[in-house]
Amino acid sequence: MPDASSPFGTLMEITSRPAEVFLEGRGSWLIDARGKRYLDFVQGWAVNCLGHSPPPLVEALAQQAKKLMNCSPAYYNAPMIELARALARTSGLDQSFFTNSGGEANEGAIKLARKWGSLHKGGAYEIITMEHGFHGRTLATMSASGKPAWEKLFEPKVPGFPKVPLNDLAAVEAAITEKTVAVMVEPIQGEAGVYEASDAFLRGLSRLTKVRGILLVLDEIQTGMGRTGRLFGFEHAGIRPDVMTLGKGLGGGVPLAALVARRDVCCFAHGDQGGTFNGNPLMSAVGCAVIAELTKPGFLARVAETGAYLASELASLGGRHGFGGVRGRGLLLALDLKREIGPRVVDAAREKGLLINAPRPDSLRFMPALNVSRAEVDEMIARLDQVCGEMR
Ligand SMILES: Cc1ncc(COP(=O)(O)O)c(C=O)c1O
């Protein structure tokens, strides 16, 4: 733990961070205070969908900053309206509430489902969630998450989140009672190590929730905004949720997240939900610019192509080093290392100027900018190959 005399000593210690201090970023590259360049396949934890400081977002920020940074959540502003319209147009859902973080968007989804249950389902409030799921770090979203390490943390938890195994439709069906108001799931469990909810499972959930008159809530905070090669992860399964949450890529690097839902589910009364910065024009303007870029012709097709290329290159690299397979979709991929060397690989890669993440000790996760080039993928593979070759 850094002592008070260390340069980091006045920051609360909430995680183990390497000593590098980053000063600048451009596209897929980060530069630290010593001028060392790093190829970034973490990208702010799958946030910087267009890479570091992309010109369209810099421009949107600068233009909006000159016009209006903040009025008040008590008033409408133009970017907030434009962003909500863009999300309605692209998702097929109807209304949005904007937040500053994914956890806050999920907290809102939980509140919305409970409010809907109190109005339309005789007070039903339970939300069935998945083992190993991750929904954020507020008390309710930690309770909704299925992270084993959190089981005993910050007790007592918020009640009302029975857990079932991912991809087990029969278990979901068996868990539904008269208290159930919703099922909440990530299309890909990113933080758990990139485990996909199968398309068949999502389709089954969509059918089941309709038949039982409960809500399907998709946490698309990691999978949304083009990450899987479609704008939203649910598109692969050909379904549409009743409620969806977005974050990360939605702001492309600025704090912006959203709770999006079908009109008839949007039942908050005045005062039920709010927040000082929600729908802030500065952040909303960036969200609009992100959607404009991601929906340009050919952009998402290129994400899918680059994702397929990265997956095949990772599979070959895995073959060369005796690793297991590749998981995930689009540009949210994980490589099974078959051994618990993930943290050591991450550290050694950083030394070689490559930033990657190990969501579990036996896996590496890759979440580059969606506009990462093939040459950058090749460079990443070359550096990783070298690191893995030197691992004992
Ligand atoms: C699926 C999912 N939900 C929620 C969150 C929480 O988002 P935030 O860290 O912005 O609160 C994350 C963050 O990693 C996530 O991956």
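### Quick word on helix α2 (residues 55-67)
Then step 1. Taking 1.5 Å per residue, 13 residues should reach 18 Å; α2 reaches 18 Å between its end C-alpha atoms and fits that length.
Then step 2. All of the buried residues in α2 are Leu-57, Ala-60 and Gln-64. Along the axis of α2, the buried residues cluster in a sector spanning 60°; they form a single face. In α2, the exposed residues that point more than 90 degrees away from the buried face are Pro-55 and Lys-66.

### Let's talk about the sheet that holds strand β17 (residues 363-366)
Then step 1. Spatial ordering of the open sheet is given by β13-β14-β17-β16, a layout of 4 strands whose pairing is antiparallel. One side of each edge strand has no neighbouring strand; the edge strands of this open sheet are β13 (326-329) and β16 (357-360). Neighbouring strand axes in the sheet, compared pairwise and without regard to direction, differ in orientation by 30° on average.
Then step 2. Across 4 bridges, the pairing between β13 and strand β14 (residues 332-336) is antiparallel. Of the residues in β14, the one forming a bridge with Gly-328 is Leu-333.
Then step 3. Contacts from helix α9 (residues 299-321) reach β13, β14 and β17, with the element oriented near 10° to β14.
Then step 4. Strands in contact with helix α10 (residues 342-351) are β16 and β17; relative to β16, the strand with the most contacts, it is inclined by about 170°.

### Quick look at the side chain of Thr-129
Then step 1. Mapped onto the elements of the fold, Thr-129 is located in strand β5 (residues 126-130).
Then step 2. Polar contacts involving the side chain of Thr-129 include one to the main-chain carbonyl oxygen of Ala-144, which spans 2.9 Å.

### Topic: the environment of Lys-163
Then step 1. Mapped onto the fold, Lys-163 is located in strand β6 (residues 163-164).
Then step 2. Residues within four places of Lys-163 in sequence aside, it is in contact with Thr-129, Met-130, Glu-131, Ser-143, Ala-144, Ser-145 and Gly-146.
Then step 3. A polar side-chain atom of Lys-163 sits 2.8 Å from the main-chain carbonyl oxygen of Ser-143.
Then step 4. A distance of 2.9 Å separates a polar side-chain atom of Lys-163 from the backbone oxygen of Phe-161.

### Focus on the nonpolar core
The tendency in soluble globular proteins is for nonpolar side chains to be buried side by side.
Then step 1. Counting 80 residues, the largest nonpolar core has Ile-356, Phe-366, Met-380 and Leu-384 as the members making the most contacts within it.
Then step 2. Among the elements that line this core, the one with the most residues is helix α8 (residues 281-294), at 8 residues.
Then step 3. Setting aside residues up to four positions removed in sequence, Phe-366 forms contacts with Phe-41, Leu-310, Leu-314, Leu-331, Leu-332, Leu-333, Ala-334, Leu-335, Ile-356, Met-380 and Leu-384.

### Description of the layout of surface pockets
Then step 1. Taken as a whole, the second largest pocket holds about 800 Å³ of empty space.
Then step 2. Lining the second largest pocket we find 24 residues, and of these Tyr-76, Met-80, Ser-96, Phe-97 and Asn-278 sit closest to its centre.
Then step 3. Within the residue set of the lining of the second largest pocket, elements represented by two or more residues are α3 (78-91), β4 (95-99) and β12 (257-261).
Then step 4. Examining the composition of the lining of the second largest pocket, we find that 4 residues originate from one element, β4, more than from any other.
Then step 5. For the lining of the second largest pocket, a count of residues per class yields 15 nonpolar, 8 polar and 1 charged.

### Quick word on the pattern of salt bridges
Then step 1. Tallied over the full model, the rule gives 15 salt bridges.
Then step 2. For Arg-329, the salt bridge goes to Asp-199, with nearest N and O atoms at 3.1 Å. Of this pair, Arg-329 sits in strand β13 while Asp-199 sits in helix α7 (residues 199-212), and the two are 130 residues apart along the sequence.
Then step 3. A salt bridge links Asp-242 to Arg-262; the nearest nitrogen and oxygen atoms lie 2.3 Å apart. Residue Asp-242 is found in the loop between β10 (215-219) and β11 (243-246), and its partner Arg-262 is found in the loop between β12 and α8; the two are separated by 20 residues along the sequence.
Then step 4. When salt bridges with common partners are traced through the structure, they connect Glu-20, Asp-347 and Arg-350 into a single cluster.

Cut-offs used in this document
- Residues numbered from 1 in each chain as written.
- Predicted model: local features only at pLDDT ≥ 70, side-chain atom pairs only at ≥ 80, totals over all residues.
- Heavy atoms only, no water.
- Helix = DSSP H or I, 4+ residues; strand = E, 2+ residues; numbered from the N terminus.
- Expected span 1.5 Å × (residues − 1).
- Buried < 20%, exposed > 50% of the residue type's maximum accessible area, 1.4 Å probe, protein only.
- Arc of directions from axis to C-beta.
- Pairing = 2+ DSSP bridges.
- Axes fitted to C-alpha atoms, helices over the stretch in contact; angles between N-to-C directions.
- Contact = heavy atoms within 4.5 Å.
- Polar contact = N/O pair within 3.5 Å; in protein donor to acceptor, adjacent residues only side chain to side chain.
- Core = buried A, V, L, I, M, F, W, Y, C linked by side-chain atoms within 4.5 Å.
- 1 Å grid on protein atoms, 1.4 Å probe; cavity = no way out; pocket = protein on both sides within 12 Å on 5 of 7 lines; lining within 4 Å.
- Points joined across faces, edges and corners; volume = space filled by probe spheres on them.
- Nonpolar A, V, L, I, M, F, W, Y, C, P; charged D, E, K, R; others polar.
- Salt bridge = Lys/Arg side-chain N within 4 Å of Asp/Glu carboxyl O.

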